[in-house]
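# Architecture at a glance
Listed here are the chains, written in short residue letters.
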Amino acid sequence: MKTKRSKTTAVAALCLAGLCVVGAATAAAADPGSQGDPIVTLSYLNQTVTPSLMNKVDKAVSANEKALVDKLNAAIDSYTKQMDAALQNGGTGSAAYSVVSLSSGQTMKLEVGCEVMLRVGSASCVSSSSPGLIDTTGGTTLDGGKALVKNHLYMATISDRSIKANGAVKVLVRGGYSIH
């Protein structure tokens, strides 16, 4: 029995020794600091890697920024051309309200989409069919011959709509119109 135990112990010791030799050989083959297993220092990261990465990021951001600025400028130019064309085609059209004075008997012909608000005096709607103007304040319509209500916003939704001054009148107008 003693021989079996000593053989088993001897085999176990031999296996253990073999494992130690294999482990040591593997550790020696890794060789830290070599090309296969480089050692990276903080100074290398701070002095070499980080500036290189930041330079690449800065170049990419600059290129993207230039592309976006060019795209924005093209959109602005296109919009400006569209607005100029709309103002030339629409005559006196404007995105802002303008104060317009009319004398007694004068007529203001409104283009489709024009908005008008009576501020001073009295005026009436001129139209050959119904509805004359849309009263956007009251949510109703105003037929031809009817008087405009002060401080109500009216919109021309059909061509050939006008307002006629029944004395000195001041109105706010936004959109295309002509005075006759």
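Presented here is a report on the structure given in the accompanying data block. Here the structure is a predicted model, which means the values were calculated and not measured.

Reading guide: rules and limits
Residues numbered from 1 in each chain as written. Predicted model: local features only at pLDDT ≥ 70, side-chain atom pairs only at ≥ 80, totals over all residues. Heavy atoms only, no water. Helix = DSSP H or I, 4+ residues; strand = E, 2+ residues; numbered from the N terminus. Buried < 20%, exposed > 50% of the residue type's maximum accessible area, 1.4 Å probe, protein only. Contact = heavy atoms within 4.5 Å. Areas by Shrake-Rupley, 256 points an atom, 1.4 Å probe, with all protein chains shown as cover. Salt bridge = Lys/Arg side-chain N within 4 Å of Asp/Glu carboxyl O. Pairing = 2+ DSSP bridges. Axes fitted to C-alpha atoms, helices over the stretch in contact; angles between N-to-C directions. Patch = residues over 30% accessible without salt bridge, like charges linked within 9 Å, V, L, I, M, F, W, Y side chains within 5 Å.

## Some words on the overall build of the protein
- Scanning the protein for helices and strands turns up two helices and ten strands.
- Buried residues in the protein amount to 19% of all 180 residues.
- Intrachain contacts of the protein at a sequence separation of at least 6 include 73% that bridge at least 24 residues.
- When the accessible surface of the protein is summed, it comes to about 12,300 Å², and 61% of that surface belongs to carbon and sulfur atoms.

## A look at the pattern of salt bridges
- This model, assessed by the stated rule, comprises three salt bridges.
- A salt bridge links D70 to K66; the nearest nitrogen and oxygen atoms lie 3.1 Å apart. Note that D70 and K66 are positioned in helix α2 (residues 42-90) at a spacing of four residues, about one turn of the helix.
- Residue class for K66 comes out exposed when judged on its relative accessible area of 53%.

## Structural notes on the sheet that holds strand β8 (residues 161-165)
- If you trace the four strands from one edge of the open sheet to the other, you get β4-β8-β2-β10, paired in antiparallel fashion. Because the sheet does not close on itself, it has two edges, and the strands there are β4 (123-126) and β10 (177-179). The average angle at which neighbouring strand axes cross in this sheet is 20°, direction not considered.
- Relative to β8, strand β2 (residues 107-110) runs antiparallel, the two being bridged by four bridges. What sits directly across from L110, in β8, is R161.

## Regarding the sheet that holds strand β1 (residues 98-102)
- Taking strand neighbours across the sheet as the criterion, the six strands line up as β1-β9-β3-β7-β5-β6 in an open arrangement whose pairing is antiparallel. The sheet is open, and its two edges are formed by β1 and β6 (140-142), each paired on a single side. Between one strand axis and the next, the sheet turns by 35° as a mean value, whatever way the strands run.
- Across three bridges, strand β5 (residues 133-135) lies against β6 in antiparallel orientation. Each bridged residue has a counterpart across the sheet, and for I134 the counterpart in β6 is T141.

## Considering a nonpolar patch on the surface
- Residues V40, L42, Y44 and L45 make up a contiguous nonpolar surface patch of roughly 390 Å² in combined accessible area.
- Relative to the helices and strands, L45 is located in helix α2.
- Relative accessible area serves as the criterion here: at 34%, L45 is assigned to the partly exposed category.

## Observations concerning the side chain of S162
- Turning to its location among the elements, S162 is positioned in strand β8.
- Residues in contact with S162, not counting those within four places in the same chain, are T107, M108, K109, L110, S124, C125 and V126.

## Here's the deal with the environment of G176
- Structurally, G176 can be placed in the loop between β9 (169-174) and β10.
- Using a relative accessible area of 7% as the deciding quantity, one classes G176 as buried.
- Along the backbone, G176 and L110 are 66 residues apart, and their C-alpha atoms lie at a distance of 6.4 Å.

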